[in-house]
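# A closer look at the structure
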Amino acid sequence: MNYLFVIALLLNVLSGCASYSRVNNVGIEEENKSDSYSQREHIKKNDDLKIFMSFSGGGTRAAAFSYGVLETLRDTRIFKNKNNISLLSEVDIISSVSGGSFTAAYYGLYGDKIFEDYEHVFLKENVQGILVNGIFNPLNWFRFMGGFDRTELAINYYDNYIFNGATFSDFRKDMPFIQINATDLSSGHPFIFKQEYFNLLCSDLSQFKVARAVAASSAVPVVFAPIVVKNYEGCEGVKMVDAWVHLKNSDNFRSHEMKVALDRYSDKNKVQYVHLVDGGIADNLGLRVLYDTVNITGGATELAKKLSSAPPRHLVVMLINAAISPEKNMDTMVDEPLLSEQIGAVSSAQINRYSIESIQLLKESLQIWATELSKTVDYEVKPYFIQIDFSGVQEESKNKLLNMVSTSFALPPEQVDGLRKAAHHLLNESPEFQRLLNDLNTE
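This is a predicted model, so every value here is computed, not measured. (Residues numbered from 1 in each chain as written. Predicted model: local features only at pLDDT ≥ 70, side-chain atom pairs only at ≥ 80, totals over all residues. Heavy atoms only, no water.)

Take the overall build of the chain next. When helices and strands are counted, the chain shows 19 helices and twelve strands. Partitioning the contacts of the chain with sequence separation of at least 6, the portion at a separation of at least 24 is 82%. Just so you have it, the chain exposes about 20,600 Å², and 52% of that area is on carbon and sulfur atoms. (Helix = DSSP H or I, 4+ residues; strand = E, 2+ residues; numbered from the N terminus. Contact = heavy atoms within 4.5 Å. Areas by Shrake-Rupley, 256 points an atom, 1.4 Å probe, with all protein chains shown as cover.)

Estimates place the volume of the second largest pocket at around 340 Å³. Elements with a minimum of two residues in the lining of the second largest pocket: helix H17 (396–402) and helix H18 (413–429). Broken down by element, the lining of the second largest pocket gets its largest block of residues, seven residues, from H18. (1 Å grid on protein atoms, 1.4 Å probe; cavity = no way out; pocket = protein on both sides within 12 Å on 5 of 7 lines; lining within 4 Å. Points joined across faces, edges and corners; volume = space filled by probe spheres on them.)

As a further point, take the confidence of the model for the chain. Caution applies to low-pLDDT regions: their predicted coordinates should not be interpreted in detail. Put simply, the chain has an average pLDDT of 84, and 81% of its residues get 70 or more. Mean pLDDT values for the elements of the chain range from 42 in helix H1 (residues 3–16) up to 98 in helix H4 (residues 99–110). A low-confidence stretch, residues 1–19 (pLDDT under 50), is modelled with 18 contacts involving residues beyond four sequence positions or located in other chains. Low pLDDT (under 50) marks residues 240–244, which in the prediction has 18 contacts with non-local residues, meaning those over four places away or in another chain. (pLDDT = per-residue confidence, 0-100.)

Tallying each qualifying case throughout the model produces six cavities of 30 Å³ or more. Every residue lining the largest cavity is counted, 26 residues in all, and those nearest its centre are Lys 50, Leu 290, Leu 303, Leu 307 and Leu 315. Elements with a contribution of two residues or more to the lining of the largest cavity: strand S2 (49–55), strand S5 (91–97), helix H14 (288–297), helix H15 (300–306), strand S11 (314–320) and helix H16 (339–374). Per element, the largest residue contribution to the lining of the largest cavity is four residues, and it comes from H14. Across the lining of the largest cavity, the residue classes tally to 20 nonpolar, four polar and two charged. (Nonpolar A, V, L, I, M, F, W, Y, C, P; charged D, E, K, R; others polar.)

On to H14. Judged by how many residues are buried, H14 sits mostly within the fold: ten of ten residues are covered. Gly 298 sits one or two positions beyond H14 and adopts a positive phi of about 110 degrees. (Buried < 20%, exposed > 50% of the residue type's maximum accessible area, 1.4 Å probe, protein only.)

What follows deals with the pairing of strand S10 (residues 273–278). One ladder, built from three bridges, connects strand S6 (residues 177–184) with S10; its direction is antiparallel. Bridge pairing links Asp 184 to Leu 276 in S10. (Pairing = 2+ DSSP bridges.)

What follows is about unusual backbone geometry. If you check the backbone angles, Asn 81 has positive phi at about 55 degrees while not being a glycine. In this structure, Asn 81 sits in the loop between strand S3 (77–80) and strand S4 (83–86). Phi is positive for Lys 82, which is not a glycine, with a value near 65 degrees. Mapping Lys 82 onto the fold places it in the loop between S3 and S4.

Looking now at the packing of aromatic side chains. Using the criterion set out here, one finds 24 aromatic pairs in the structure. It is Arg 74 that lies over the ring of Phe 115; its NZ or CZ is 4.4 Å from the centre. The ring centre of Tyr 110 lies 5.2 Å from the NZ or CZ of Lys 113, which sits over that ring. (Phe/Tyr/Trp six-rings, centres within 6.5 Å; stacked < 30°, edge-to-face > 60°. Lys NZ or Arg CZ within 6 Å of the ring centre and 35° of its normal.)

With that settled, consider the nonpolar core. In terms of nonpolar packing, the biggest core is built from 121 residues, with Met 53, Leu 73, Tyr 158, Phe 163, Phe 168 and Phe 193 touching the most fellow members. Broken down by element, this core gets its largest block of residues, eight residues, from helix H3 (residues 59–75). Among residues more than four places away in sequence, those in contact with Leu 73 are Met 53, Ser 86, Leu 87, Leu 88, Val 91, Met 318, Leu 427 and Phe 433. (Core = buried A, V, L, I, M, F, W, Y, C linked by side-chain atoms within 4.5 Å.)

Now the structure itself:
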């Protein structure tokens, strides 16, 4: 019997043994509802500079690329109130998907400690190999028969060796607000791990493990089982729509669809459990949530009011996109592509086209938001859209190497270092980034 067939058969049998999914979120009652890790409570109220960052999906490739950007921002100095400070300290929100969620969560929990041990803890660790070895470890087979699956194996590893048992209550208040994004498998819409969303489930996010949220954000369907959260009853008065959503007679179709997706959680009989998978399915950039949040709230001015925040002078969106465009064998062959190639090409085409639409939408919306906010104050709100991706690498050989980096959780150390260096180069060479620095340092 073929060795690969035996492996495939064993994986199939083991995954088939998992008869249920573990539920680890706890309920809250209206009078005792928690505001833990709420966006309104966390981000800075008044500041001349607002920076929203998004870390895309892409396994360790995305984690290393976003880490390189954090390093660069740490080393970038600006003058503020006559003080020389790190630009990294001015970041307000980091929205993350899949591989990017590891870097975002680690930074939100441990701050500058990320620059001391993150390479060893995650970036240069063969996480994929460790998880595969765990699947074939006979000691785990009995656990698989009792409902323990590949997803729980991954969560246990992330919890014990990366995030050290942290829950959302452990995120530091002096760090950016971290928005870990997953996808609601049933509706296909984004699900954000923040209290505003957990209120809809009558659930307390503060006790939820960060490792489980990151696992949900990176749970590629079939490879990993969905992470399941329970939709509790008993807090009918706790509704995000009361605090955030402004959609009465809205003619914005995108916002209407988002409201429908959120409203479904209010039907506790119809939606008893929410199955969460890789955030990249709904938005591989982690960027669309900014547009959704602004529009579902009623616009930039309305959002600023709800946050009790004065409009900033500098409104910055930074997209850190680790997507690749590798050369395809089918382009040079007359033969029918392998089934795996066809599936991969179809999936990539859908993700890439949606990403392009999202980028264009955010660019246009950012300008509109800045114009709208400028009308409410006696100064100009300047928008900056800073996009960092591999297309900015002009040298053909280096560009080709970057686009050959796999989407996995096991990269050679030299590839990790190459991604960090590429991030540093691309950010410093970005005309929009240099425009921001010039404006900040000449005021």
